[in-house]
Amino acid sequence: METTIGTSTKMHETLISLRKRASELASQSEDEFLLADIVAMLSGKKLPCTYSKEEFANVLNEADDDFRAGRFVTQDELRAKYDL
């Protein structure tokens, strides 16, 4: 039992130390994408609408492809569909 508690305590201390170090590094940056990624990692979840640079580039490329192929809906079509 003591070994488990000791290991658990060490792991907890290590995680706290890593979180402090990541926070220090984040405080030195002004890169919004990096900071959003760090917040997501520290909180254990990805924030809504938070993309890495690569993910964002992929999403934009997909949107461009859809637009060029005519796979889009105009605002007027949306208004008519939802009676707005």
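Residues numbered from 1 in each chain as written. Predicted model: local features only at pLDDT ≥ 70, side-chain atom pairs only at ≥ 80, totals over all residues. Heavy atoms only, no water.

Some thoughts on the overall build of the protein chain
(1) Moving on: Secondary structure assignment for the protein chain yields four helices and zero strands.
(2) Moving on: Going through the 84 residues of the protein chain one by one, you find that 7% of them count as buried.
(3) Moving on: About 7600 Å² of surface is accessible on the protein chain, with carbon and sulfur atoms providing 58% of the total. (Helix = DSSP H or I, 4+ residues; strand = E, 2+ residues; numbered from the N terminus. Buried < 20%, exposed > 50% of the residue type's maximum accessible area, 1.4 Å probe, protein only. Areas by Shrake-Rupley, 256 points an atom, 1.4 Å probe, with all protein chains shown as cover.)

Observations regarding helix H3 (residues 53-68)
(1) Moving on: Between its terminal C-alpha atoms H3 stretches 23 Å, which fits the 22 Å expected from 16 residues at 1.5 Å a residue.
(2) Moving on: Positive phi appears at Gly70, one or two residues downstream of H3, with a value of about 80°. (Expected span 1.5 Å × (residues − 1).)

Things to note about a nonpolar patch on the surface
(1) Moving on: A contiguous nonpolar surface patch, about 400 Å² in accessible area, is contributed by Phe33, Tyr51, Phe56, Val59 and Leu60.
(2) Moving on: It is H3 that contributes the most residues to the nonpolar patch, three residues altogether.
(3) Moving on: With respect to the helices and strands, the residue Val59 is situated in helix H3. (Patch = residues over 30% accessible without salt bridge, like charges linked within 9 Å, V, L, I, M, F, W, Y side chains within 5 Å. Salt bridge = Lys/Arg side-chain N within 4 Å of Asp/Glu carboxyl O.)

Some words on helix H2 (residues 32-43)
(1) Moving on: Here H2 is 12 residues long and its end C-alpha atoms lie 16 Å apart, about the 16 Å a rise of 1.5 Å per residue gives.
(2) Moving on: Count one or two residues on from H2 and you reach Gly44, which has phi positive near 85°.

Quick notes on the pattern of salt bridges
(1) Moving on: If you walk through the whole model with that rule in mind, you get five salt bridges.
(2) Moving on: Between Lys53 and Asp31 there is a salt bridge, and its shortest N-O distance comes to 3.6 Å. Of this pair, Lys53 sits in helix H3 while Asp31 is found in the loop between helix H1 (2-27) and H2, placing the two residues 22 residues apart along the sequence.
(3) Moving on: Given the relative accessible area of 51%, Lys53 is considered exposed.
(4) Moving on: Linking Arg79 and Asp76 is a salt bridge whose minimum nitrogen-to-oxygen distance equals 3.7 Å. One end of the pair, Arg79, and the other, Asp76, are both in helix H4 (residues 75-81), three residues apart, so they sit about a helical turn from each other.

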